[in-house]
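Understanding the architecture of this molecule
Given next are the chains, with one letter for each unit.
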Amino acid sequence: MNNNQLYLNSSNELMLSRNIQLQISQKEFELQLLNINDRYSSYKPYPYQNIIKKQSLELEISNLKNNRDIHLGFAIESALLLAEQDLISNNVYSMASIAISSINSFLQSQKIDFKLSYSAQVRLSQISFLMQSKNNIASLNTEIARLKNICNLPIT
């Protein structure tokens with residue numbers, strides 16, 4: 001895959017993650033409203049109806065978070081593949097640093113506790129090793145370190 005395609009893949013997957021995060025926020029708001037209604041409403045003709053609604057919303061939120069994390073994982077995998085290609089081809093300008101920066105910003109702004117897959121952790125370690133011998137892409141090095149920090153991985 002060429003660099004442009006990898007960048008587009010990462011961006012598209014991140015956009016899907018953002019859209020799903022909006023849905024999660026909407027469902028969490030609905031759940032809060034339901035809790036407020038439960039707490040302060042004196043009229044409760046069907047008390048189990050709200051319990052079922054709450055459970056349904058909680059299940060939807062859980063499924064949406066799972067889907068968001070899957071797309072986020074794909075975005076990171078594409079960005080890391082792009083980083084490898086940038087390092088191998090000695091690019092002075094790194095598209096991967098932009099892709100990873102966008103992912104980092106999303107993770108931090110939404111306060112998502114994201115766990116990298118094992119394969120992404122291995123690829124991240126390989127990239128860190130490759131970067132030790134190449135000093136020409138400081139922005140990529142910074143964004144890789146930031147991603148490791150956000151995902152609670154040791155920075156080497």
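Located above this text is the structure these notes cover.
Residues numbered from 1 in each chain as written. Predicted model: local features only at pLDDT ≥ 70, side-chain atom pairs only at ≥ 80, totals over all residues. Heavy atoms only, no water.

1. A closer look at the overall build of the protein
- Per the secondary structure count, the protein includes five helices and zero strands.
- Listed N to C, the secondary structure of the protein is α-α-α-α-α in terms of helices and strands.
- Computed over the C-alpha atoms, the radius of gyration of the protein is 20 Å, more than 25% above the 15 Å expected from 2.2 N^0.38 for a compact globule of 156 residues.
- In terms of its C-alpha atoms, the protein occupies a principal-axis envelope of roughly 70 × 30 × 20 Å.
- For the protein, buried positions account for 37% of its 156 residues.
- In the protein, the proportion of contacts linking residues at least 24 apart, taken out of those at least 6 apart, comes to 78%.
- Total accessible area computed for the protein in this model is approximately 9400 Å², and 54% of it derives from carbon and sulfur atoms.
- Here the protein contributes 14 positive and 12 negative side-chain charges, whose respective centroids are spaced 5 Å apart. (Helix = DSSP H or I, 4+ residues; strand = E, 2+ residues; numbered from the N terminus. Rg over C-alpha atoms; globule rule 2.2 N^0.38 Å. Buried < 20%, exposed > 50% of the residue type's maximum accessible area, 1.4 Å probe, protein only. Contact = heavy atoms within 4.5 Å. Areas by Shrake-Rupley, 256 points an atom, 1.4 Å probe, with all protein chains shown as cover. Lys, Arg positive; Asp, Glu negative; His and termini not counted. Charge placed at Lys NZ, Arg CZ, Asp CG, Glu CD.)

2. A short note on the packing of helix α2 (residues 47–88) against helix α3 (residues 95–110)
- Two elements in contact, α2 and α3, have axes whose closest approach is 8 Å; the angle formed by their N-to-C orientations is 155°. On the basis of the axis angle, α2 is roughly antiparallel to α3. The handedness of the crossing between α2 and α3 is left-handed. From α2, Arg68, Leu72, Ala75, Ile76, Ala79, Leu80, Leu82, Ala83 and Asp86 reach across to α3, where they touch Met95, Ala96, Ala99, Ile100, Ile103, Phe106 and Leu107. (Axes fitted to C-alpha atoms, helices over the stretch in contact; angles between N-to-C directions. Parallel < 35°, antiparallel > 145°, perpendicular 65-115°, else oblique. Left-handed = near helix turned anticlockwise from the far one by under 90°.)

3. Points about the environment of Tyr40
- Of note, Tyr40 is situated in helix α1 (residues 3–40).
- Each C-alpha atom of the pair Tyr40 and Ser105 lies 38 Å from the other, and the pair is 65 residues apart in sequence.

4. Things to note about the packing of α1 against α2
- In contact at an axis separation of 8 Å, α1 and α2 are set at 160° when each is read in the N-to-C sense. The orientation of α1 with respect to α2, classified from their angle, is roughly antiparallel. Once α1 is placed against α2, the crossing between them reads as left-handed.
- Among the residues making up the contact of α1 with α2, the classes are represented as 17 nonpolar, 13 polar and 12 charged. (Nonpolar A, V, L, I, M, F, W, Y, C, P; charged D, E, K, R; others polar.)

5. Considerations on the nonpolar core
- Formed by 30 residues in total, the largest nonpolar core has its most connected members in Leu107 and Leu140.
- When residues of this core are traced back to their parent elements, those giving at least two are α1, α2, α3, α4 (118–132) and α5 (138–150).
- It is α2 that provides the largest number of residues to this core, a total of eight residues.
- Residues contacting Leu140, with those up to four places away along its chain left out, are Ala83, Leu87, Ser94, Ala96, Ser97, Ile100 and Met131. (Core = buried A, V, L, I, M, F, W, Y, C linked by side-chain atoms within 4.5 Å.)

6. A few points about the pattern of salt bridges
- Using the criterion set out here, one finds seven salt bridges in the structure.
- A salt bridge links Lys65 to Glu28, with the nearest nitrogen and oxygen atoms 3.7 Å apart. One end of the pair, Lys65, is in helix α2; the other, Glu28, is in helix α1, with 37 residues separating them in the sequence.
- The shortest N-O distance in the salt bridge between Arg68 and Asp69 comes to 3.0 Å.
- With relative accessibility at 7%, the residue Arg68 sits in the buried group.
- Residues participating in the shared-partner salt-bridge network are Glu77, Glu84 and Arg123. (Salt bridge = Lys/Arg side-chain N within 4 Å of Asp/Glu carboxyl O.)

7. Details of α2
- Taking 1.5 Å per residue as the helical rise, α2 with its 42 residues ought to reach 62 Å, and the 62 Å between its terminal C-alpha atoms agrees with that figure.
- Looking one or two places after α2, you find Asn90, whose phi comes out positive at around 55°. (Expected span 1.5 Å × (residues − 1).)

8. Overview of α4
- For α4, with 15 residues, the first-to-last C-alpha span of 22 Å sits near the 21 Å given by 1.5 Å per residue.
- Residues Ala120, Leu124, Ile127, Ser128 and Met131 constitute the buried set of α4. In a view along the axis of α4, the buried residues occupy a sector of 100°, so they form one face of it. Every exposed residue of α4 that faces more than 90 degrees away from the buried side is listed here: Tyr118, Phe129 and Gln132. (Arc of directions from axis to C-beta.)

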